[in-house]
Every structure is written in C-alpha cells, then in structure tokens.
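Structural overview for review
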Amino acid sequence: QVQLVESGGGLVQAGGSLRLSCAASGRSMFRINAAGWYRQAPGKQRELVATITRGGATDYADSVKGRFTISRDNAKNTVYLQMNSLKPEDTAVYYCNMAIVTVPSTQVYVNDYWGQGTQVTVSS
C-alpha cells in the first residue's frame, strides 16, 4: 500500500510564500514516475497547477508561471511546490498526484496516487 502525505499549507497574506511537500511511502514502492500538483477552489473543478517528470522536466499552468516552482527529490520520494507572490485567487485545497511503480511480488504495477490535500488560504 502506498501513501502520500502532504504538508506545508496554511494561511498567508497576499505576496507571501509557502512551500508544500508531498512524501510517498510504501513497502512495495519501486519508484515515482511523473508527479504533479493540483488545486481545487470552492465551487470550482480541480485544476492542474504544475507537473514534473522523473527527469525533472516541468510544466505549469499559465496562472502560476513565474511564481510557483515544482521540484522533486527522488532519493526522498518527495515532491515540492514552492509558491511565491501568492494571490487571493490561489486559495484552494492543493493535492499532489504521483504515478508510482510498485512491485509487490513478481509483477510490476503503475498506478496514480493522490495526497489527502492541504489547505492554502491567501488573504488580501
């Protein structure tokens, strides 16, 4: 069983910064392939914020380009989201997502896993 644990959310004033972390763990884990951060504001659909490949290539939603940075530490099975110059419209629950390779026995599986979500609130 694989678990993703997120941390780092909170309340911050506009213009401030937060750093989110998402750590994956599990006995049968082999490696993390692609990973990403999503967010969902009240009354809105979940949207993609940023993605990162295993090799470190990144992509961002236009609304966060130049302000957010996604990174990863493969040795720690952890993905980060550094959020700078935060705006009230960034307020949402942020979720991490990872495509994880597991080898519980002799077979190899690749599945999507989600974190529990962490609240980010930006006050004006």
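Going by the structure above, here's the rest.
Residues numbered from 1 in each chain as written. Predicted model: local features only at pLDDT ≥ 70, side-chain atom pairs only at ≥ 80, totals over all residues. Heavy atoms only, no water.

1. Considering the state of the cysteines
For the structure on display, the rule yields one disulfide. Between the sulfur atoms of C22 and its disulfide mate C96 the distance is 1.9 Å. Here the disulfide of C22 and C96 is right-handed, its torsion about the S-S bond being about 45°. Separated by 74 residues along the polypeptide, C22 in strand β3 (residues 18-25) and C96 in strand β9 (residues 92-102) bring together distant segments of the chain. For C96, a relative accessible area of 1% gives the class buried. (Disulfide = S-S within 2.5 Å. Helix = DSSP H or I, 4+ residues; strand = E, 2+ residues; numbered from the N terminus. Buried < 20%, exposed > 50% of the residue type's maximum accessible area, 1.4 Å probe, protein only.)

2. Some remarks on the nonpolar core
Counting residues in hydrophobic clusters, the biggest one holds 31 residues, and the most contacted among them are L4, W37, L81, M83, Y94, M98 and I100. Counting residues per element, the ones that place at least two in this core are β3, β4 (29-40), β5 (47-52), β7 (68-73), β8 (78-83), β9 and β11 (118-123). The biggest single contributor to this core is β9, with five residues. (Core = buried A, V, L, I, M, F, W, Y, C linked by side-chain atoms within 4.5 Å.)

3. Examining a nonpolar patch on the surface
Judged by side-chain polarity, F30, V103, V108 and V110 come together as a nonpolar surface patch covering roughly 380 Å² of accessible area. Topologically, V108 is positioned in the loop between β9 and β10 (109-114). Relative accessible area serves as the criterion here: at 58%, V108 is assigned to the exposed category. (Patch = residues over 30% accessible without salt bridge, like charges linked within 9 Å, V, L, I, M, F, W, Y side chains within 5 Å. Areas by Shrake-Rupley, 256 points an atom, 1.4 Å probe, with all protein chains shown as cover. Salt bridge = Lys/Arg side-chain N within 4 Å of Asp/Glu carboxyl O.)

4. Overview of the pattern of salt bridges
Here the structure, examined in full by the defined rule, presents four salt bridges. Here E47 ties to R39 by a salt bridge, and the two come within 2.6 Å at their closest N and O atoms. When its relative accessible area of 6% is taken as the criterion, R39 is described as buried. Linking R39 and D90 is a salt bridge whose minimum nitrogen-to-oxygen distance equals 2.9 Å. One end of the pair, R39, is in strand β4; the other, D90, is in the loop between β8 and β9, with 51 residues separating them in the sequence. Here R39 and D90 have matching classes, each one buried.

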